[in-house]
Amino acid sequence: MRFLHPGKSFSVELLIYLSNFMTTTISKLKLKPLQKSPTGIRGLDEITGGGLPTGRPTLICGGTGCGKTMLAMEFLVHGAQAFGEAGVFMAFEETAEEITQNVVALGFDLKALIARKLLRLDYVHIDRSEFEETGEYNLEGLFIRLGYAIDSINAKRVVLDTVEGLFAGLPNQAVVRAELRRLFRWLKEKNVTVIMTGERGDGMLTRYGLEEYVSDCVITLDHRVVDQVTTRRMRIVKYRGTTHGTNEYPFLIDADGISVWPVTSVQLEHQASNERIPSGIDRLDTMLGGQGYYRGSSILLSGMAGTGKTSVAATFANATCRRGGRSLFFSFEESPSQLMRNMSSIGLDLQQWVKKGSLHFQTVRPFYHGLEMHLARTIKLITEFAPDVVIVDPISGLETTGNALEVKAALMRLMDFLKMKGITALLTDLTRAGNAVDRSNSDISSLVDTWLVVRDIELNGERNRGLHVLKSRGMAHSNQVREFFMSDNGVQLKDVYIGPNGMLTGSARMAEEARERAQQVSRHEELERQQLSLERKRIIIEAQIAALRAEFGVEEATTQRLITQEKQHSASLALAEAEMGRNRQRDVVKEKGTLALKNERKGGKA
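Draft legend 1. Structural detail: the overall build of the protein. Scanning the protein from terminus to terminus reveals 15 helices and 26 strands. In the protein, buried positions account for 43% of the 606 residues. Sequence-distant contacts, at least 24 apart, represent 69% of the contacts inside the protein between residues at least 6 apart.

Right, here's the structure in full:
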């Protein structure tokens, strides 16, 4: 039996043989995932899934000042220090001395790495004025020079900074493209992991528009200015053979080098804790089911200016440090010195915790950074300090860095990050309208677990403070409004006080309490008078009862005496009657004896 195919015919046996052969071959073939070289740069390895492709070229492109050279140098330094992989840095714009001096501020000692043969710096000077195209142009000289540098230290990593410097004076684009392809092929044959930096072109990622196509990984860096605020961002344009983060990620360049924070990658996968932590205000804990907040939850404290939001937040930070925890306090309005001075007026000694290292203040004006940069710096500090509690005071200050939707998105990512880490967050929010219950300016009230509202209560020409729990997920909580005030012993809450016309606060409450105390005193005095009168009546009645008892006793004694006399008289009568009876009986016996005697005598005479 045969199957027909255009122009050919195959037997069934041949098809079965080919099928079995292909199946056996594929099963024997072990497909390995793409090998990656970790960069050691915080966050970058996370969004790349492990680092840059090993043995392949990576292009870092972007405008001036976006951090291309810094990223490339960190790739080499971390590779040498953390992974024992030697590297070559070939520069076309800066000398070795300039590069060494530039990274001293980051704590990188390039000379020590060079002495240990873990790093080699090479500067290739190319002057456009001296550049003249004669004959065929190629990069053989570069290959020889770079190959020697690689072999001399057995380098595994190479940086070319910047690739445009090789072709700065060449007008022939065809030659440039051909040599670029040859350079990439040569680097792959050397089996080194390469980073090439490139300047952004007009309408293209790079100047020549070829580097991004022949590179296996392309990362763009951006240094943008929005509303006079600069933000650095990173995006992985492509990465052959592997999945990777596709969003734009803010990154920092500071004393610790580059830090990339992929804060958009967090999801709702955190574990909810059942542990409760006190707020530092006993009566507030009572309002929250008697135990305080859930660990790892988010708390929103909203209210108008002057209602005591910062004081409540500082009390929470103080209580956390007193329990042996760590607190990180972000403030957009006050300096650390001012915060500690102000809180000392209500009996909070925050300076002791700062000295012990359990409390750290981070204060900066909101407009100093863009929204994403604020978020990235916040997460960086949280990661480094590892706090138990994070306080942001106030989040409404971030409105100057973006619109309401952007602020909400940033805060949502921050809260998700904190929940993932099990960190309790307290966010204060300044409300401009008087009705803080209806709306939180940052529109995150639906995202938080506990929402506390502090408000002004104006009555009789006075301004007092009130606090109530608008919501608290997963726990029973009070629905009452409590008056609170700041004293030398911190924030104090009072029991709700309802007068004849509703809730009373301040002097109205004091006057009503004084009136009630006066009424109570009056009632107490009246009660004492009634008690004295009753006591007098009791004494009189008891005296009367005693007199009656005495009179009754006399009468009883007299009656008892009469009764006794009567009994004695009756007994005497009975004795007399008995004696009379005995006498009569004797008389009768005597008379009978006399009569018998007489009869006897009469008989004798007869």
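The structure having been displayed, the exposition proceeds.
Draft legend 2. Looking closely at the environment of Ser331. One can find Ser331 in strand S17 (residues 327-331). A relative accessible area of 1% places Ser331 in the buried class. Considered as a pair, Ser331 and Gln362 are 31 residues apart in the sequence and their alpha carbons are 6.3 Å apart. For Ser331, the side chain forms a polar contact with the main-chain nitrogen of Glu333, separated by 3.4 Å.

Draft legend 3. Here's a closer look at empty space enclosed by the protein. If you walk through the whole model with that rule in mind, you get two cavities of 30 Å³ or more. Of the pockets and cavities examined, the largest cavity occupies roughly 110 Å³. Looking at the largest cavity, the residues that line it are Phe330, Phe332, Leu371, His374, Leu375, Thr378, Val392, Leu398, Ala410, Leu411 and Leu414. Among the secondary structure elements, those contributing two or more residues to the lining of the largest cavity are helix H13 (371-385) and helix H14 (404-421). Among the elements that take part in the lining of the largest cavity, H13 stands out by supplying four residues, more than any other. Partitioning the lining of the largest cavity into residue classes produces nine nonpolar, two polar and no charged. Its volume calculated, the second largest cavity comes out at about 80 Å³. Sorting elements by how many residues they give to the lining of the second largest cavity places H13 first, with four residues. Taken together, the residues of the lining of the second largest cavity break down into four nonpolar, four polar and one charged.

Definitions and limits used
- Residues numbered from 1 in each chain as written.
- Predicted model: local features only at pLDDT ≥ 70, side-chain atom pairs only at ≥ 80, totals over all residues.
- Heavy atoms only, no water.
- Helix = DSSP H or I, 4+ residues; strand = E, 2+ residues; numbered from the N terminus.
- Buried < 20%, exposed > 50% of the residue type's maximum accessible area, 1.4 Å probe, protein only.
- Contact = heavy atoms within 4.5 Å.
- Polar contact = N/O pair within 3.5 Å; in protein donor to acceptor, adjacent residues only side chain to side chain.
- 1 Å grid on protein atoms, 1.4 Å probe; cavity = no way out; pocket = protein on both sides within 12 Å on 5 of 7 lines; lining within 4 Å.
- Points joined across faces, edges and corners; volume = space filled by probe spheres on them.
- Nonpolar A, V, L, I, M, F, W, Y, C, P; charged D, E, K, R; others polar.

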